[in-house]
Amino acid sequence: MNPIRFDLDHDTFSITNGTEGSWPWRDIADCEVLNEEARFRGKTEPFSHRVYGGGTAMPLFAFGDPGLYVGLQITLKDGQKLAAYVSEKPVHHNTDPYFRDRKEAEKYAASLLASR
């Protein structure tokens, strides 16, 4: 599933997994790859419960951690913040699914920032 779609004919992008809608890409001010704690997704403002990177010797999911969602926080020039989730289901830090989603999110962020 592609969380962001680009419409080259209309110079817009749309989000299908997160803040749904369509916006002109010239309105993009910034874009960050972030991790959101899984248990808060859809219950609070997107990315208000962030999980920061960092190595750990013991995987947190061994203690019942619900995981996280990798996504993008896109800030528009008017200050509006949009969320686009790359992870379709919760992933755990420092696992193959996490690195795969993170890499995909970084590609989307680069494309969005290059298009503005």
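Structure: above.
Attention here is on the structure that accompanies the text.

About the cut-offs
- Residues numbered from 1 in each chain as written.
- Predicted model: local features only at pLDDT ≥ 70, side-chain atom pairs only at ≥ 80, totals over all residues.
- Heavy atoms only, no water.
- Helix = DSSP H or I, 4+ residues; strand = E, 2+ residues; numbered from the N terminus.
- Expected span 1.5 Å × (residues − 1).
- Buried < 20%, exposed > 50% of the residue type's maximum accessible area, 1.4 Å probe, protein only.
- Arc of directions from axis to C-beta.
- Core = buried A, V, L, I, M, F, W, Y, C linked by side-chain atoms within 4.5 Å.
- Pairing = 2+ DSSP bridges.
- Axes fitted to C-alpha atoms, helices over the stretch in contact; angles between N-to-C directions.

Remarks on helix α1 (residues 96–115)
Part 1 of the reasoning: Look at α1: 29 Å from first C-alpha to last across 20 residues, which is about the 28 Å you get at 1.5 Å a residue.
Part 2 of the reasoning: Buried within α1 we find Tyr98, Asp101, Ala105, Tyr108, Ala109 and Leu112. Looking straight down α1, one finds that the buried residues subtend no more than 105° of arc, so they occupy a single side. Pointing more than 90 degrees away from the buried face of α1 are the exposed residues Asp96, Arg100, Lys103, Lys107 and Ala114.

Thoughts on the nonpolar core
Part 1 of the reasoning: Membership of the largest hydrophobic core comes to 22 residues, with the highest contact counts inside it found for Ile4, Phe13, Ile15, Leu72, Ile74 and Leu112.
Part 2 of the reasoning: Broken down by secondary-structure element, the contributors of at least two residues to this core are β2 (12–15), β4 (28–37), β5 (68–76), β6 (81–85) and α1.
Part 3 of the reasoning: One finds Leu34, Ala38, Ala83 and Tyr85 within the second-largest nonpolar core, a separate group that totals 6 residues.

Considerations on the sheet that holds β6
Part 1 of the reasoning: Taken together, the 3 strands give an open sheet; going across it, the order is β4-β5-β6, and neighbouring strands pair in antiparallel fashion. The open sheet has two edge strands, β4 and β6, and neither has a second partner. Strand after strand, the sheet turns through a mean of 25° between neighbouring axes, direction not considered.
Part 2 of the reasoning: Across 9 bridges, β4 lies against β5 in antiparallel orientation.

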